[in-house]
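Observations on the model geometry
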Amino acid sequence: MKYKKIVFFFDRDGVLNKDIIHPYKRKHFFLLPGTKKALKYLLKEKIKAFVVSNQSVIGRKICSKKQVNDFNRMINKSISSNYNVIKKFYICPHHPTKGVGRYKKECGCRKPKNGLLKRAIKENNLLKKNIVMIGDKKNDFLAAKKTGVFFQYRKKNFFKQVKLITKNYL
């Protein structure tokens, strides 16, 4: 049976946390204004949220997949001790020109392609019409468009943005 409630897909860097060059360490961890409040709201309302994010830092050998996963856990842990705010982080470790070894490739999961979004939809049995993606770059918009899901660029008042979208779907 398909999940019929609203679902959020978020890009990570520039939407949830500050988009600094290659954020993967604790010292790089800065949630953007409104992120904590918005994610707590989604948790309270039992609304699913997923992250779909290019993370070529892995493929460029700048950091390990474990370090990226640890950074992602910091996001969840900063909102709730049960680590269950973002249901899953879908990441693409590849880069077509700067990747190293098996990570240097043109893949279908790196945004603006939509492989990550399609995988999240399939694995979680989601309806496209119930998905809202929030991103900060044209690649996010293009991936959402290719997938057929509603898209908005992140607004300054992120909490208000998320709450308003949610109210329109409930």
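Refer to the structure printed above.
Residues numbered from 1 in each chain as written. Predicted model: local features only at pLDDT ≥ 70, side-chain atom pairs only at ≥ 80, totals over all residues. Heavy atoms only, no water.

On to the environment of Gly14, then. Note that Gly14 resides in the loop between strand S1 (7–10) and helix H1 (35–44). With a relative accessible area of 13%, Gly14 lands in the buried category. Put simply, Gly14 and Gly135 are 121 residues apart on the chain and 7.7 Å apart in space, counted from C-alpha to C-alpha. Among residues more than four places away in sequence, those in contact with Gly14 are Asp19, Leu32, Asp136 and Arg154. (Helix = DSSP H or I, 4+ residues; strand = E, 2+ residues; numbered from the N terminus. Buried < 20%, exposed > 50% of the residue type's maximum accessible area, 1.4 Å probe, protein only. Contact = heavy atoms within 4.5 Å.)

Relative to the assigned elements, His95 resides in the loop between strand S3 (86–92) and helix H4 (115–124). Within the local environment of His95, its side chain forms a polar contact with the side chain of Arg60, the two groups lying 3.3 Å apart. For His95, the contacting residues outside a window of four places in its chain are Ser56, Arg60, Tyr103, Lys104, Lys105 and Arg110. (Polar contact = N/O pair within 3.5 Å; in protein donor to acceptor, adjacent residues only side chain to side chain.)

Grouped together as the largest cluster of nonpolar side chains are 26 residues, with contacts concentrated most on Phe8, Phe10, Leu16, Leu39, Leu42, Ile134 and Val162. Listed by contribution, the elements that provide at least two residues to this core are S1, H1, strand S2 (48–54), helix H3 (65–79), S3, strand S4 (131–135) and helix H6 (158–169). Discounting chain neighbours no more than four positions away, the residues touching Leu16 are Phe10, Asp11, Leu31, Leu32, Thr35, Leu39, Val51, Ile75, Ile86 and Phe158. One finds Ile121, Ala143, Ala144 and Phe151 within the second-largest nonpolar core, a separate group that totals 19 residues. (Core = buried A, V, L, I, M, F, W, Y, C linked by side-chain atoms within 4.5 Å.)

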